[in-house]
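Okay, here's what each chain looks like letter by letter:
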Amino acid sequence: MTLDLTQFHEIFFEESFEALDSMEAALLKLSAGEVDAELINTIFRVAHSIKGGAATFAFNEVAGFTHVLETLLDQLRAGKRQVRPDIVDVLLRSGDAMRGMLSATQRKDAIDTAGVAKLRAELDRIMGESGTAAAPVAAASPAKTHAAPDAPAPTPGWRIRFVPGPDLLRHGNDPLRILRELSTLGHLKVSVDAGGIPPLTDLDPEVCRLRWNLEVEGEIERSAVHAVFEWAESECELTIERIGGEPSAPAVAAPSESAAPVAAAAAAPEAVPPKAEVAARNANPDGGSIRVSIEKIDELLNSVGELVITQSVLSQLAAPLEGREAGELRSALAQLERHMRALQESVMRVRMLPISFVFNRFPRLVRDLGQRLGKKIELKVTGDTTELDKTVLEKIGDPLVHLVRNSIDHGIEMPDVRLAAGKSEHGTISLHAYHKGGNVIVEVSDDGGGLRKDKILRKALERGLVTNDVELSEERILNLIFAPGFSTADVVSDVSGRGVGMDVVRRNINELGGHIQIFSTEGKGSTIRIRLPLTLAILDGQLARVGKEVYVVPIVSIVETIQVTRERVCAVASGGQVFRLRDDYLPIVRLHALFDIEPDHHDLLDGLLMIVEADGKRVGLFVDELMSQQQVVIKSLETNFKQVTGLAGATMLGDGRVALILDIPGVITRFQAPEERGVAKPQAA
Amino acid sequence: MKDTRKKSRSKAAGSHRVRAVAAVPAVAAVPAVATAVAAPAVVAAAVIPATQPAPATAQRLGRVILGTSCTIQEAEAVRAHLLSQAALPGPYEIDGGSVELVDTAGIQLIVAFALDCLEKGVAYKWTGRSATLEKAIELLGVSPLLEYPA
């Protein structure tokens, strides 16, 4: 039987990328002068695990490079070499190189061997230098620390019972690798039990019959021991106990209600089955998770969405019923609704991830770009545990990167300029996330020079974005930076200044159903505030009727709704109409004309005008009447039909009717470019 | 059947023979993996047959020669070779001097062979062990199981 290891490649890549993220975070802490042994151990373990996995899967370039990196890390860990900024820099770039090699291997692309060789030469050069012992790290290094010979306390360490399961070898987990890794943590005593080995004639060579009782001595974190068995834990019986008994506060105790059973399991492993060790770890927030594909969660969410709609239909059907049974039915339906809401919220929470997944990239970005530009910048992150829908998170990353780069490049001044302005030479960029009114707010702030309104206005005049005869409010002037191609940068660099970006940032935020605002004080700094929906699966919408059709208008896009008076409407040469709203003239968009349907009212005076805004543009949507506001479950049009400009999706109403959800930027685009509408005519049944 | 054999193995070999204890010093680097990386082109033939004609006095001598790679990938071939040698009356010689790549599956086969020898009371001796093989034996703690008692 040939073992097909390719089936484990994706898991390896996924876990390696996550591990590299942890490695980078630890390196950045080292970079900030936070030299501690556990940080170095964390970095070492990442390199070690990736090397082991890469060697198992015969990704030889990755394994070879990581081996060199690991050797340097081992020198740092052992205190043979001192942590220096230039070494941290090389290590960070080595992490990037590993990520690049893994990505290329994953895509089956060629690896940048020249870049890797160059970096490898740098690692070799550092290792070739005579090392300088770093007392603080060496003293704290757990793997190398042994109890003093005359110490009365028992030797610190861990006693491990390791019984491989029948599939351990077949799944590419080699006990030899595991024991080898354990031996890197401290002094390892191995006692093997070969009693399970049958005669050679009966032995299945792909099933491990050996069992081990191990003792690894040293001041070693329990997590470090667990990490060694990380890949094998589901395929073996594993008991880990501290030599000489557990301390009163076990390392795995979780700060939750489940702490008591966990502590019990950890403190008395003999009293519980071997699996209890794994179970105890699973109660730990770090270990208690399973990987589920996002498709499965989406299917679940979709089914819950259907249930919500069905429940809504039932409620509507029950509404006109009378009598005692009808009352009981309505009461039961009300209960059903509560449970459905709870279920929906629970399922949606499954898709939620902390915003730290996005924020984690910024320490590196700020460090690297700050160094490159010669600026001293401190990054402050708060609220990084705030949770957002995974899809929103994935889409918010790039806009945030752009905003932070802008803050570094344009916002924070050079140290001498800051000192001259009476500021600290260290600039500060803050990332702050918090919940507010059912939305998540993300703020990117800096204490730099702020936006210069006079300069923005001058550039806008030069580019013809505004005219001299219009007096703009401060907010409107600041919002000019979102105009396509707008830039106030005097010099175009590869960092920023080409004017490509802020318009894209706003469009991306708007596509997420979010909103972006700027606050800036000249000389003191700027804040960009982004309001995001918690999820893209449901939407707060205003139902609006046009003829027999009902549309859902995202509430986030609605500015106000007004009744039209004739004296405020003007016809324009192109045949359209505009409406005067205070000092502004807004185009009137007749939804019935846009979507080719028959309305109840053609006269503007008989209907309502919803003022909606997208991308800084406002229009008045003419509809017959407004209905209720409700939260709707979004169904993709692309999945079920095709993309239609102006429509974000569809939903089913309580009475079973389908309502189309308007995409306001798309509506405006469709209105402005009728020839490019791309109207999708449904196929005749 | 298996249970019976297991019991008889325990009796014959004695629990001290199937329970081996070894101490492995802390190591800084991982030479075995490095070797695997440095020598990716593993020789396909896992088992190298003896090329020397057997001396007349040693016609009944089994010769186990382990190839450069002795891992789960070659496990069936190694097992077949071990069984073919075990069919000879013995005593046996085991040559592991060429082993460059080894894993637990490979070591386990050798242990099973050694335990069979012990049960049958047929002696074996090592004529060579590569550093990689030696390190793996030490790490897995099976060293005492692979020495035929004098």
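Here is what the cut-offs are and how they apply
- Note that residues are indexed from 1 along each chain, following the sequence as it is written.
- Labels follow written order: the first chain is A, the first ligand is 1, and so on.
- Residues qualify for local features only when their pLDDT is at least 70, as the model is predicted, and side-chain atom pairs are given and counted only at 80 or more; totals for whole chains, interfaces and linings, by contrast, use all residues.
- Side-chain descriptors were evaluated using all non-hydrogen atoms of the structure, hydrogens and water having been removed beforehand.
- The numbering of helices and of strands both runs from the N terminus, where a helix is a DSSP run of H or I of at least 4 residues and a strand a run of E of at least 2.
- We call a residue buried when its accessible area falls under 20% of the maximum for its residue type, exposed when it is over 50%, and partly exposed in between, using a 1.4 Å probe and counting protein chains only.
- The contact criterion used is simple: two residues touch if any of their non-hydrogen atoms lie within 4.5 Å.
- Residue burial considers only the protein chains on display, and all accessible areas are found by Shrake-Rupley using a 1.4 Å probe.
- One less than the residue count of a helix, multiplied by 1.5 Å, gives the span that helix is expected to have.
- Note: two strands are recorded as paired if DSSP finds a minimum of 2 bridges between them.
- Among buried residues, the Ala, Val, Leu, Ile, Met, Phe, Trp, Tyr and Cys ones that are joined through side-chain atoms within 4.5 Å form a nonpolar core.
- Where helices are involved, their axes are fitted lines through C-alpha atoms of the stretch in contact, as for all axes, and angles between N-to-C directions lie from 0 to 180°.
- In what follows, roughly perpendicular refers to angles from 65 to 115 degrees, roughly parallel to angles under 35, roughly antiparallel to angles over 145, and oblique to any angle outside these ranges.
- Note on residue classes: Ala, Val, Leu, Ile, Met, Phe, Trp, Tyr, Cys and Pro are nonpolar, Asp, Glu, Lys and Arg are charged, and everything else, Gly too, is polar.
- Our arc is simply the arc of the directions from the helix axis toward the C-beta atoms.
- A residue's pLDDT is the predictor's confidence in that residue, given on a scale from 0 to 100.
- Salt bridges are counted wherever a side-chain nitrogen of Lys or Arg sits within 4 Å of a carboxyl oxygen of Asp or Glu.
- Under the pairing criterion, centres of Phe, Tyr and Trp rings, with the six-membered ring standing for Trp, must be within 6.5 Å; the plane angle then separates stacked pairs below 30 degrees from edge-to-face pairs above 60, leaving the rest tilted.

Caption draft 1: Quick peek at the overall build of chain A. Secondary structure assignment for chain A yields 22 helices and 22 strands. When the 685 residues of chain A are sorted by exposure, 47% land in the buried category. In chain A, the proportion of contacts linking residues at least 24 apart, taken out of those at least 6 apart, comes to 70%. Carbon and sulfur atoms provide 52% of the accessible area of chain A, an area that totals close to 32,700 Å².

Caption draft 2: Quick look at the overall build of chain B. Looking only at helices and strands, chain B features six helices and six strands. The order of helices and strands in chain B, counted from the N terminus, is α-α-β-α-β-β-α-β-β-α-β-α. Across the 150 residues in chain B, those meeting the buried criterion constitute 49%. Of the contacts formed within chain B by residues at least 6 apart in sequence, a portion of 78% connects residues at least 24 apart. Summed over all atoms, the accessible surface of chain B reaches about 6,800 Å², with 58% contributed by carbon and sulfur.

Caption draft 3: Representation of helix α3 (residues 60-77) of chain A within the structure. Residues and elements named next belong to chain A. The first and last C-alpha atoms of α3 sit 25 Å apart over 18 residues, in line with the 26 Å expected at 1.5 Å per residue. Counting buried positions over the 18 residues of α3 gives 15, a clear majority of the element. With its phi angle positive at about 80°, glycine 79 sits one or two positions after the end of α3.

Caption draft 4: Looking closely at the pairing of strand β3 (residues 211-217) of chain A. Residues and elements named next belong to chain A. Relative to β3, strand β1 (residues 157-164) runs antiparallel, the two sharing six bridges. Residue pairing in the sheet places phenylalanine 162 in a bridge with tryptophan 212 of β3. Two strands pair when backbone bridges link them, and strand β2 (residues 187-193) and β3 are joined in this way by seven bridges, in the antiparallel orientation. Following the sheet pairing, lysine 189 is matched in β3 by glutamate 215.

Caption draft 5: Quick look at the nonpolar core. In terms of nonpolar packing, the biggest core is built from 64 residues, with Ile160 and Phe162 of chain A touching the most fellow members. Of the residues forming this core, the biggest block, 10 residues, is contributed by helix α5 (residues 104-120) of chain B. In this structure, phenylalanine 162 of chain A is in contact with Leu168, Pro175, Ile178, Leu179, Arg211, Trp212, Leu214, Phe229, Cys236, Glu237 and Leu238 of chain A, ignoring residues within four places of it in sequence.

Caption draft 6: Quick look at the packing of helix α7 (residues 175-185) of chain A against helix α6 (residues 131-140) of chain B. At a minimum axis distance of 9 Å, the contact between α7 of chain A and α6 of chain B shows a crossing angle of 80°. Judged by the inter-axis angle, α7 of chain A sits roughly perpendicular to α6 of chain B. Facing Pro175, Leu176, Leu179, Arg180 and Ser183 of chain A of α7 of chain A, the residues of α6 of chain B in contact are Ala136, Leu139 and Leu140 of chain B. The residue inventory of the contact of α7 of chain A with α6 of chain B, partitioned by class, reads six nonpolar, one polar and one charged.

Caption draft 7: Highlighting helix α17 (residues 453-462) of chain A. Residues and elements named next belong to chain A. When α17 is considered as a whole, its buried residues turn out to be Lys453, Lys455, Ile456, Lys459 and Ala460. Buried residues of α17, viewed axially, fall in a sector of 160°; they line one side. Phi for glycine 464, located one or two positions after α17, is positive at around 75°.

Caption draft 8: Focus on the confidence of the model for chain B. Residue and element names in this part refer to chain B. Summing up the model confidence of chain B, the mean pLDDT is 69 and the portion of residues at 70 or higher is 59%. Across residues 1-8 the pLDDT falls below 50, and counting only partners more than four positions away or on other chains, this stretch makes seven contacts in the model. In the predicted structure, residues 24-59 sits below a pLDDT of 50 and forms 57 contacts with residues beyond four places in sequence or in another chain. Predicted complex, confidence summary: ipTM 0.71, pTM 0.51.

Caption draft 9: Broad picture of the sheet that holds strand β10 (residues 515-521) of chain A. Residue and element names in this part refer to chain A. The mixed open sheet is built from five strands, whose spatial order is β6-β8-β9-β11-β10. The open sheet has two free edges, formed respectively by β6 (376-382) and β10, since each of these has just one partner strand. Averaged over all neighbouring strand pairs, the angle between strand axes comes to 15°, with direction disregarded. The pairing of β6 with strand β8 (residues 426-436) spans seven bridges and is classified as parallel. Pairing of leucine 379 across the sheet is with isoleucine 429, part of β8. Packed onto the sheet, helix α14 (residues 362-373) meets β6 and β8 and runs at close to 170° relative to β6.

Caption draft 10: Representation of the pattern of salt bridges in the model. All names here are of chain A. Evaluation of the coordinates by the stated rule reveals 38 salt bridges over all chains. Its salt-bridge partner being glutamate 24, residue arginine 364 comes within 3.0 Å of it at the nearest N-O pair. Within this pair, whereas arginine 364 is found in helix α14, its partner glutamate 24 is found in helix α1 (residues 9-31), the two being separated by 340 residues in sequence. Residues arginine 364 and glutamate 24 agree in their burial class; the two are buried. Two residues, aspartate 167 and arginine 170, come together in a salt bridge whose shortest N-O distance is 3.2 Å. We classify aspartate 167 as partly exposed; its relative accessible area is 34%. For arginine 170, a relative accessible area of 18% corresponds to the buried category.

Caption draft 11: Fine view of the pairing of β8 of chain A. With eight bridges connecting them, β8 of chain A and strand β9 (residues 439-446) of chain A associate as antiparallel partners. Following the sheet pairing, isoleucine 429 of chain A is matched in β9 of chain A by aspartate 446 of chain A.

Caption draft 12: Up close: unusual backbone geometry. Residue and element names in this part refer to chain A. The phi angle at lysine 108 is positive, at roughly 60°, despite the residue not being glycine. Of note, lysine 108 is situated in the loop between α4 (85-107) and α5 (113-128). Exposure remark for lysine 108: the relative accessible area of 74% places this residue in the exposed category. The phi dihedral of aspartate 596 falls on the positive side, at around 55°, and the residue is not glycine. Here aspartate 596 lies in the loop between α20 (591-595) and β18 (608-614). The exposure class assigned to aspartate 596 is exposed, which follows from its relative accessible area of 64%.

Caption draft 13: Quick peek at the sheet that holds strand β2 (residues 62-65) of chain B. Residue and element names in this part refer to chain B. Across the sheet, which stays open at both edges, the three strands sit in the order β2-β4-β6 with parallel pairing between neighbours. The strands lining the two open edges of the sheet, one partner per strand, are β2 and β6 (124-129). Within the sheet, the average angular offset between the axes of one strand and its neighbour, ignoring direction, is 15°. One ladder, built from four bridges, connects β2 with strand β4 (residues 92-96); its direction is parallel. What sits directly across from isoleucine 65, in β4, is aspartate 95. Sheet strands touched by helix α4 (residues 75-86): β2 and β4. Its angle to β2, the strand with the most contacts, is close to 165°. Here α6 sits on the sheet and contacts β4 and β6; the angle it forms with β6, its principal contact strand, is near 120°.

Caption draft 14: Broad picture of the environment of leucine 92 of chain A. When you line up the elements, leucine 92 of chain A lands in helix α4. Here leucine 92 of chain A is in contact with Glu24, Leu27, Leu28, Arg364 and Arg367 of chain A, once residues within four sequence places are set aside.

Caption draft 15: Geometry of the confidence of the model for chain A. All names here are of chain A. With 84% of its residues at a pLDDT of 70 or more, chain A shows a mean pLDDT of 79. Note that pLDDT drops below 50 for residues 247-287; the model gives that stretch 45 contacts with residues more than four away or on any other chain. A low-confidence stretch, residues 675-685 stays under pLDDT 50, and its non-local contacts, those more than four residues away or across chains, total 10 contacts.

Caption draft 16: Seen up close, the environment of leucine 431 of chain A. Residues and elements named next belong to chain A. Tracing the backbone through its elements, the reader meets leucine 431 in strand β8. Leucine 431 gets classed as buried once you look at its relative accessible area, which sits at 0%. Along the sequence, leucine 431 and serine 445 sit 14 residues apart, while their C-alpha atoms lie 6.6 Å from each other. Setting aside chain neighbours within four positions, we find leucine 431 in contact with Phe359, Phe362, Leu379, Lys380, Val381, Thr382, Val404, Glu443 and Val444.

Caption draft 17: Layout of the packing of aromatic side chains. Residues and elements named next belong to chain A. All chains considered together, the criterion is met by 10 aromatic pairs over all chains. Each ring, one from phenylalanine 13 and one from phenylalanine 59, has its centre 5.5 Å from the other, and the planes form 15°; the classification is stacked. Taken as a pair, phenylalanine 13 in helix α1 and phenylalanine 59 in the loop between α2 (37-56) and α3 lie far apart in primary sequence, 46 residues in all. With respect to burial, phenylalanine 13 and phenylalanine 59 carry one shared label: buried. Ring pairs connect the aromatic residues Phe12, Phe13, Phe57 and Phe59, which therefore count as one cluster.

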